[in-house]
Amino acid sequence: MKKTMLMITGLLVVVAVLYVNASENVMEGYEVGDYVSDFKLPSTTGKTVSLSDYPDAKGFIVVFTCNTCPYAKLYEDRVIELDKKFRGKGFPVIAINPNDVGQKPGDSMDEMASQAKAKSYSFPYLRDDTQEVAKAYGAAKTPHVYVLNRESAGKFKVEYIGAIDDSPREAADVQETYVEDAVNALLSGNKPTVTNQRAIGCTIKWKDV
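Conventions adopted
Residues numbered from 1 in each chain as written. Predicted model: local features only at pLDDT ≥ 70, side-chain atom pairs only at ≥ 80, totals over all residues. Heavy atoms only, no water. Disulfide = S-S within 2.5 Å. Helix = DSSP H or I, 4+ residues; strand = E, 2+ residues; numbered from the N terminus. Buried < 20%, exposed > 50% of the residue type's maximum accessible area, 1.4 Å probe, protein only. Patch = residues over 30% accessible without salt bridge, like charges linked within 9 Å, V, L, I, M, F, W, Y side chains within 5 Å. Areas by Shrake-Rupley, 256 points an atom, 1.4 Å probe, with all protein chains shown as cover. Salt bridge = Lys/Arg side-chain N within 4 Å of Asp/Glu carboxyl O. Lys, Arg positive; Asp, Glu negative; His and termini not counted. Charge placed at Lys NZ, Arg CZ, Asp CG, Glu CD. Pairing = 2+ DSSP bridges. Contact = heavy atoms within 4.5 Å. Axes fitted to C-alpha atoms, helices over the stretch in contact; angles between N-to-C directions. Polar contact = N/O pair within 3.5 Å; in protein donor to acceptor, adjacent residues only side chain to side chain. Phe/Tyr/Trp six-rings, centres within 6.5 Å; stacked < 30°, edge-to-face > 60°. Lys NZ or Arg CZ within 6 Å of the ring centre and 35° of its normal.

*Asks:* Can you help me understand the state of the cysteines in this one?
*Replies:* The bond known as a disulfide is covalent and runs between the sulfur atoms of two cysteines. Scanning the model with the defined rule gives 1 disulfide in all. Paired through a disulfide, Cys69 and Cys202 show a sulfur-sulfur distance of 2.1 Å. Residues Cys69 and Cys202 share a disulfide whose torsion about the S-S bond is about 85°; that sign makes it right-handed. Placement of Cys69 in the loop between β3 (59–64) and α2 (70–86) and of Cys202 in strand β10 (residues 202–203) is noted, with a sequence separation of 133 residues between them. Each member of the pair, Cys69 as well as Cys202, is classed as buried. Free cysteine Cys66: the closest other cysteine sulfur is in Cys69, separated by 5.0 Å. Overall, the relative accessible area of 7% leaves Cys66 in the buried class.

Okay, structure coming up:
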């Protein structure tokens, strides 16, 4: 009887792990040290935006985010501050919304444009309608951040992946500023001490999933 109960318990653990992995929408994508491919996505201004549009950039803070996720809303002001702090130093923010509009109408381009205007975004806010860019990066959450560093002309390497900081709910409680620390390290000619940190947020709303 005891052996049977242990077997049942073991099976339940396996099922639970599989469920968690499925619910996390684990995606294969870029890892730290990989070079990224350029993209061309439409922005809320009516223009298309690519990494190649920034010939003087030392790197980028690429943020997969959206209008509708409560975590994305809590981080919105912090994303704005990251751009204000680092855009002039060569690491601008590029925000990308990959959510399926069929599931989240609030993430339509019109709604994105309204949000960008209301909050006076100083960075481009792009729609990834095909979700190909999010899949290439391996983004799973909103927000999910990738810090890129220029290695040579037109070549950008992933140096950090994950959360913006360690306090998704309260900005006042932040102790670890992962993205800020990563960019500061790169600006100093060093590698980030922390290169991966689990992103906390809503799962990206994928098409046909």
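*Asks:* What am I meant to see in a negative patch on the surface here?
*Replies:* Side chains of Asp166, Glu170, Asp173, Glu176 and Asp181 sit close together on the surface and give a patch of like negative charge. Tracing the chain through its elements places Asp166 in the loop between β8 (155–162) and α5 (178–187). Note on Asp166: relative accessible area 30%, which makes it partly exposed.

*Asks:* It is not clear to me how the sheet that holds strand β4 (residues 93–97) should be interpreted in this structure. Could you clarify?
*Replies:* Each strand in a sheet pairs with its neighbour through backbone hydrogen bonds, running either in the same direction (parallel) or in the opposite one (antiparallel). The 6 strands are arranged β5-β4-β3-β7-β8-β9 in an open sheet whose pairing can be described as mixed. Where the open sheet ends on each side, the last strands, each with one partner, are β5 (125–127) and β9 (196–197). Sheet analysis places β3 next to β4, joined by 4 bridges and oriented parallel. Bridging across to β4, Ile61 finds its partner in Val93. Taken strand by strand, helix α3 (residues 109–118) contacts β4 and β5, and its axis lies near 175° from that of β5. Together, β3, β7 (144–152), β8 and β9 form the strand contacts of α5, whose direction differs from that of β7 by roughly 5°.

*Asks:* Which parts of the structure should I look at to understand the pattern of salt bridges?
*Replies:* Once their charged atoms are close, side chains differing in charge can pair, the charge on each being opposite to the other. This structure, assessed with the given rule, holds 8 salt bridges. Ionic pairing is found between Lys84 and Glu81, a salt bridge with its closest N-O pair at 4.0 Å. Taken as a pair, Lys84 and Glu81 lie in helix α2 at a separation of 3 residues, close to a single helical turn. Using a relative accessible area of 52% as the deciding quantity, one classes Lys84 as exposed. One salt bridge in this structure joins Lys157 and Glu151, with 3.8 Å as the shortest N-O distance. Exposure remark for Lys157: the relative accessible area of 17% places this residue in the buried category. A relative accessible area of 35% means that Glu151 is categorised as partly exposed.

*Asks:* Can you walk me through the side chain of Arg78 in this structure?
*Replies:* Along the chain, the position of Arg78 falls in helix α2. In terms of polar contacts, Arg78 uses its side chain to reach the backbone carbonyl oxygen of Leu74, at 3.3 Å. Those residues within four positions of Arg78 in sequence are excluded, and the remaining contacts are Asp165, Ser167, Pro168, Arg169, Glu170, Ala171 and Val174.

*Asks:* Honestly, the packing of aromatic side chains in this entry has me stumped. Any pointers?
*Replies:* Each aromatic ring pair is described using two quantities: the centre-to-centre distance and the angle formed by the ring planes. The final tally for this structure, using the stated rule, is 8 aromatic pairs. Plain terms: the ring middles of Tyr30 and Tyr137 are 4.9 Å apart, the flat faces sit at 80° to each other, and that makes the pair edge-to-face. Of this pair, Tyr30 sits in the loop between α1 (2–23) and β1 (41–42) while Tyr137 sits in helix α4 (residues 132–137); the two residues are 107 residues apart in sequence, bridging distant segments of the chain. The pair formed by Tyr30 and Tyr137 is uniform in burial state, with each residue classed as buried. On the numbers, 5.3 Å between centres and 85° between planes, the contact of Tyr54 with Phe60 is edge-to-face. With relative accessibility at 0%, the residue Phe60 sits in the buried group. Looking at Lys155, its charged tip hangs above the ring of Tyr35, at a distance of 4.3 Å from the centre.

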